[in-house]
Amino acid sequence: RYEGRAGIIFYEERNFMGRHYECMSDCADMSSYMSRCHSCRVESGCFMVYDRPNYMGNQYFFRRGEYADCMSMMGWRDWIRSCRMIPMYRGSYRMRIYERENFGGQMYEMMDDCDSIMDRYRMSDCMSCHVMDGHWLMYEQPHYRGRMMYMRPGEYRSFREMGYGGMRFTSMRRIMDSWY
């Protein structure tokens, strides 16, 4: 086991079989290490995995645990191509969400989880955001369901330009240190 360091092990086959690749940080392209990935074990830490190289495409969040059949669990046709370690964060959380691109329209500042922006703010769409503090997961459906996107501190002026044009984010959750 990794002591105090994040670590994830990817396996080519289901049920932790076949060749494996141990990763303790970000990996932009796993294809040089293995031909496919169908299961993984998170020894410690939290990771986002992506179905395309360079942290692109569909995303899925993993925390400590065993995932014997990633592809059917995530509903992906393709396999994991890249992964990003989510650093542990202790502190306050703050994010501004905006109804329109380029920080336009209604704006709300959030400091905790929101299971439905429609219920809480009467806001039907969120098309840009500014993460001031903490690391967040944004979900396509209310109650933290559906496709997701990892948001670290920074300005996100247009989800459409980031490749999420067909998605609407309607719930947000903080990535808490207790998940590690």
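Per an unreviewed UniProt entry, the protein goes by Gamma-crystallin M3-like and derives from Poecilia latipinna. Its UniProt record gives the protein a comment under Function (unreviewed entry), which states: "Crystallins are the dominant structural components of the vertebrate eye lens."

## So, the pattern of salt bridges
A complete count under the given rule lists 17 salt bridges for this structure. Among the ionic pairs, R90 bridges to D177, the shortest N-O distance being 2.9 Å. In this pair, R90 sits in the loop between β5 (82-86) and β6 (94-100) while D177 sits in the segment after β12 (171-174), placing the two residues 87 residues apart along the sequence. Across the salt bridge formed by R168 and D125, the nearest N and O atoms sit 3.7 Å from each other.

## Describing the layout of surface pockets
By volume, the largest pocket amounts to about 250 Å³. If you trace the largest pocket, you find 14 residues lining it, with Y55, Q59, R84, M162 and Y164 closest to the centre. Residue assignment for the lining of the largest pocket shows that the elements contributing at least two residues are β3 (39-52), β4 (56-67), β10 (145-151) and α3 (160-164). Looking at side-chain class alone, the lining of the largest pocket contains eight nonpolar, three polar and three charged residues. Lining the second largest pocket, in full, are D51, N58, Q59, Y60, M74, G75, W76, R77, D78, G146, R147 and M148. Breaking the lining of the second largest pocket down by element, the ones donating at least two residues are β4 and β10.

## Some points on the domain arrangement of the protein
Entries for the protein in the domain assignment read domain 1 (7-86) and domain 2 (94-179). In this structure, domain 1 and domain 2 have C-alpha centres spaced 24 Å apart. Taken residue by residue, the interface counts 11 residues in domain 1 and 10 residues in domain 2. Across the domain 1/domain 2 interface, buried area totals approximately 1000 Å², and carbon plus sulfur atoms make up 61% of it. Together, Q59, F61 and I86 form the three largest contributors to the area buried by domain 1 at its contact with domain 2, with a combined 45%. In this structure, the connection of domain 1 to domain 2 is made through zero salt bridges. Counting across the domain 1 and domain 2 interface gives two residue pairs in polar contact (both at pLDDT 80 or more). Only β3, β4 and β5 provide two or more residues apiece to the side of domain 1 that touches domain 2. Counting residues per element, the side of domain 1 that touches domain 2 draws most heavily on β4, which supplies six residues.

## Things to note about the side chain of D125
With respect to the helices, strands and loops of the structure, D125 is situated in the loop between α2 (117-121) and β8 (128-133). D125 gets classed as buried once you look at its relative accessible area, which sits at 18%. With sequence-adjacent residues up to four places away left out, D125 is seen in contact with Y98, E99, I117 and R168.

The rules behind these values
Residues numbered from 1 in each chain as written. Predicted model: local features only at pLDDT ≥ 70, side-chain atom pairs only at ≥ 80, totals over all residues. Heavy atoms only, no water. UniProt positions renumbered as here; feature names shortened; annotations may be inferred. Salt bridge = Lys/Arg side-chain N within 4 Å of Asp/Glu carboxyl O. Helix = DSSP H or I, 4+ residues; strand = E, 2+ residues; numbered from the N terminus. 1 Å grid on protein atoms, 1.4 Å probe; cavity = no way out; pocket = protein on both sides within 12 Å on 5 of 7 lines; lining within 4 Å. Points joined across faces, edges and corners; volume = space filled by probe spheres on them. Nonpolar A, V, L, I, M, F, W, Y, C, P; charged D, E, K, R; others polar. Domains from an automatic or database assignment. Contact = heavy atoms within 4.5 Å. Buried area = accessible area lost by both parts, 1.4 Å probe. Polar contact = N/O pair within 3.5 Å; in protein donor to acceptor, adjacent residues only side chain to side chain. Buried < 20%, exposed > 50% of the residue type's maximum accessible area, 1.4 Å probe, protein only.

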